[in-house]
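What follows is the residue order along each chain.
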Amino acid sequence: KNEVEQSPQNLTAQEGEFITINCSYSVGISALHWLQQHPGGGIVSLFMLSSGKKKHGRLIATINIQEKHSSLHITASHPRDSAVYICAPREAGSYQLTFGKGTKLSVIP
Amino acid sequence: SQTIHQWPATLVQPVGSPLSLECTVEGTSNPNLYWYRQAAGRGLQLLFYSVGIGQISSEVPQNLSASRPQDRQFILSSKKLLLSDSGFYLCALHGGGGGARRNTEAFFGQGTRLTVV
C-alpha cells in the first residue's frame, strides 16, 4: 500500500510569498498528480509528472523518483491561490491513484 | 478533451431514503471511472472503480453500490441512506482509453455534496 504524506497540513502566507508544499510516498510510481481543490469542492489537475520538473505560469512541480518525493512551488502567491492542494501518486503498473490528505493554503492580501 | 458531468451539485436526503448520483463522460471511450468520497476535513476515499461496462470493483464494504450501464455513464446508488453517508462525492476519470488515446491525465466532476438528515 502506498503511504502518501504531505506537509504542511495548513499554510498561511502573505501575498507575494514563495510557497512550497511537499509530498512523499512509499512505493514505486509511474506518475504523480498535483491537484487543486477550491472551497466549492471541485478538483482540477494542475500537473502530471513522472520525472524532473514542470512549470505552468507561477506554479512549478518537481519530482525525484529515486527519493520518492515531489514538491509544488508557487511563486509570487496571490489570494486566488487559496485552496487545498493534493498530491496523488499513481503506482507503477496501475492507473489507480493514492491521495494525500491535502495542504490547505490561505494567502492573505 | 475529456469532460465529466456530475449531478446534482447538492442534495439533502432523509435517513432511509434511496440515492442515485449520475456521472457522464465526454471526449473519450472506454475510460476507467471512479467514485470517491471526501468526508469533512479528510482525504479522498476510493469507493468504486470500473474499467468497462458492467465491471465494478468495490474498495470499501458499505451500503452503497455502483453500476456502469453504458461506457460513458457511471452511477452511484444506495437503497437506504445512513447518516454516515453524508459527504462530498466525486466522480473521476483516469486511465483507460486505448493506445494513443490512453487517459493518462486525471479529470474530476464538480462533485455532489450530500447531507443525510
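Just so you know, these numbers come straight off a predicted model, no measurement behind them.

The rules we used
- Residues numbered from 1 in each chain as written.
- Chains lettered and ligands numbered in written order.
- Predicted model: local features only at pLDDT ≥ 70, side-chain atom pairs only at ≥ 80, totals over all residues.
- Heavy atoms only, no water.
- Helix = DSSP H or I, 4+ residues; strand = E, 2+ residues; numbered from the N terminus.
- Rg over C-alpha atoms; globule rule 2.2 N^0.38 Å.
- Buried < 20%, exposed > 50% of the residue type's maximum accessible area, 1.4 Å probe, protein only.
- Contact = heavy atoms within 4.5 Å.
- Areas by Shrake-Rupley, 256 points an atom, 1.4 Å probe, with all protein chains shown as cover.
- Lys, Arg positive; Asp, Glu negative; His and termini not counted.
- Charge placed at Lys NZ, Arg CZ, Asp CG, Glu CD.
- Salt bridge = Lys/Arg side-chain N within 4 Å of Asp/Glu carboxyl O.
- Polar contact = N/O pair within 3.5 Å; in protein donor to acceptor, adjacent residues only side chain to side chain.
- Disulfide = S-S within 2.5 Å.
- Pairing = 2+ DSSP bridges.

Draft legend 1. Structural context of the overall build of chain B. Looking only at helices and strands, chain B features 0 helices and 11 strands. Whereas a compact globule of 117 residues would reach a radius of gyration of roughly 13 Å, chain B reaches 14 Å, a difference of no more than 12%. When burial is assessed residue by residue, chain B has 48% of its 117 residues classed as buried. Partitioning the contacts of chain B with sequence separation of at least 6, the portion at a separation of at least 24 is 56%. By element, 53% of the accessible surface of chain B is carried by carbon and sulfur atoms, the whole surface being about 5,400 Å². Charged side chains of chain B number 9 positive and 6 negative; the gap between the two group centres comes to 5 Å.

Draft legend 2. Structural view of the interface of chain A and chain B. Between chain A and chain B, the contact holds 16 residues from the first and 22 residues from the second. Summed over the shared surface of chain A and chain B, the number is 0 salt bridges. Summed over the shared surface of chain A and chain B, the result is 2 residue pairs in polar contact (both at pLDDT 80 or more). Counting only elements with at least two residues in the side of chain A that touches chain B, the list comes to strand S4 (29-37) and strand S5 (43-49) of chain A.

Draft legend 3. How the structure looks around the state of the cysteines. Residues and elements named next belong to chain A. Overall, the coordinates contain 2 disulfides over all chains when judged by the stated rule. The disulfide bridge from Cys23 ends at Cys87, spanning 1.8 Å between sulfur atoms. The S-S bond linking Cys23 to Cys87 shows a torsion near -50°; that makes this disulfide left-handed. In this pair, Cys23 sits in strand S3 (residues 19-25) while Cys87 sits in strand S9 (residues 83-91), placing the two residues 64 residues apart along the sequence. Neither Cys23 nor Cys87 differs from the other in exposure class; each is buried.

Draft legend 4. Structural view of the pairing of S9 of chain A. Residue and element names in this part refer to chain A. Extensive coverage of S9 is indicated by the burial of 7 of its 9 residues. Sheet topology places S9 next to strand S10 (residues 103-108); 3 bridges connect them, and they run antiparallel. Counted as the bridge partner of Ala83 is Leu105 from S10.

Draft legend 5. Spatial organisation of the pattern of salt bridges. All names here are of chain B. The tally for this structure, following the rule as stated, stands at 3 salt bridges over all chains. The salt bridge involving Asp85 is made with Arg37; its shortest N-O contact spans 3.7 Å. Highlighted residues: Asp85 in the loop between strand S8 (73-78) and strand S9 (87-96) and Arg37 in strand S4 (residues 31-38), separated in sequence by 48 residues. With relative accessibility at 12%, the residue Arg37 sits in the buried group. The shortest N-O distance in the salt bridge between Arg68 and Asp71 comes to 3.3 Å.

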